[in-house]
Amino acid sequence: QAVDIKGIRDGLLIRVKDHPDVAVVEALGEELARKRDFLAGSRLAVDVGRRALDDALLAALQQLFGGYELTLWAVLAEDAATREAARRAGLATRLS
C-alpha cells in the first residue's frame with residue numbers, strides 16, 4: 001500500500017511510501033478518492049520520508065487536498081530542502 005492514513009491528536013497523518021516508484025500526488029489522489037467521505041473536512045499532516053518535494057509539488061498537494069475540502073497543515077520530511085519549501089508555503093514541519 002503506497003499510502004497509510006492514521007488519526008493523530010491534530011487531525012490525520014498521511015504517510016506516503018518512501019519509494020521512488022510511488023508518484024506522490026497520484027497515490028494520494030487515488031487514496032483520497034477512495035476515502036472521500038471518511039476524510040471530509042480533516043486537517044492533514046503528510047509524512048514524505050526521504051522524498052524531496054519542491055515548491056511546485058507542495059502547491060500541487062495543497063490544491064489536491066483543497067479539492068477534497070481538506071486542510072494541509074504540516075509536511076514531515078527528512079530532506080532539508082523539502083522542509084524549507086514547506087516553511088515557505090506556511091506549513092509546519094513537525095507535529096506539535
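Anyway, here's the lowdown on the structure attached to this text. Computed from a prediction, not measured in an experiment: that's the story for all the values here.

The next point concerns the sheet that holds strand 1 (residues 3-8). Reading across from one edge, 1-2-3-4 is the order of the four strands in this open sheet, with mixed pairing throughout. Looking along the sheet, the strands with just one partner apiece sit at the ends: strand 1 and strand 4 (71-77). Put simply, the sheet's adjacent strands are angled 25 degrees from each other on average, direction ignored. The sheet contacts of helix 3 (residues 55-67) involve strand 2 (11-16), strand 3 (43-49) and strand 4, and relative to strand 4 the element is tilted by about 145 degrees.

Once that is clear, we can look at the nonpolar core. Judged by nonpolar contacts, the single largest core of 26 residues is most densely connected at Ile14, Leu28 and Phe65. Of all the elements in the fold, those that place two or more residues in this core are strand 1, strand 2, helix 1 (24-34), strand 3, helix 3, strand 4 and helix 4 (80-88). Residues in contact with Phe65, not counting those within four places in the same chain, are Ile14, Leu28, Leu32, Leu44, Val46, Leu70 and Leu72. In terms of nonpolar packing, the next biggest core, distinct from the first, is built from five residues, Ala45, Trp73, Ala74 and Leu76 among them.

The element strand 3 is extensively covered by neighbouring structure, given that six of its seven residues are classed as buried. Inspection of the sheet shows strand 2 paired to strand 3 by four bridges, in the parallel sense. Bridge pairing links Ile14 to Val46 in strand 3. Where strand 3 lies against strand 4, six bridges are found, and the strand directions are parallel. The residue bridging Arg43 from the neighbouring strand is Thr71, located in strand 4. You can see the chain leave strand 3, run along helix 3 and come back into strand 4, and the turn it takes is right-handed.

Quick look at unusual backbone geometry now. Even without being glycine, Glu69 reaches a positive phi, approximately 60 degrees. Tracing the sequence through the fold places Glu69 in the loop between helix 3 and strand 4. For Glu69, a relative accessible area of 65% translates into the label exposed.

As a further point, take helix 3. Structural remark: α-helix, 3.6 residues per turn; residues separated by three or four positions point the same way. Taking 1.5 Å per residue, 13 residues should reach 18 Å; helix 3 reaches 18 Å between its end C-alpha atoms and fits that length. Among all positions in helix 3, only Leu58, Leu61, Leu64 and Phe65 are buried. Down the axis of helix 3, the sector holding all buried residues measures 120 degrees, keeping them to one side. Residues of helix 3 that are exposed and point over 90 degrees away from its buried face: Ala56, Gln63 and Gly67. Contacts made by the buried residues of helix 3 are with strand 2, helix 1, strand 3, strand 4 and helix 4. The N-cap of helix 3, judged by a side-chain oxygen 3.3 Å from the amide nitrogen of Ala56 a few residues on, is Asp54. At the exit of helix 3 stands Glu69, carrying a positive phi of roughly 60 degrees.

Cut-off values and rules
Residues numbered from 1 in each chain as written. Predicted model: local features only at pLDDT ≥ 70, side-chain atom pairs only at ≥ 80, totals over all residues. Heavy atoms only, no water. Pairing = 2+ DSSP bridges. Helix = DSSP H or I, 4+ residues; strand = E, 2+ residues; numbered from the N terminus. Axes fitted to C-alpha atoms, helices over the stretch in contact; angles between N-to-C directions. Contact = heavy atoms within 4.5 Å. Core = buried A, V, L, I, M, F, W, Y, C linked by side-chain atoms within 4.5 Å. Buried < 20%, exposed > 50% of the residue type's maximum accessible area, 1.4 Å probe, protein only. Right-handed = clockwise from strand over helix to strand, strands pointing away. Expected span 1.5 Å × (residues − 1). Arc of directions from axis to C-beta. Polar contact = N/O pair within 3.5 Å; in protein donor to acceptor, adjacent residues only side chain to side chain.

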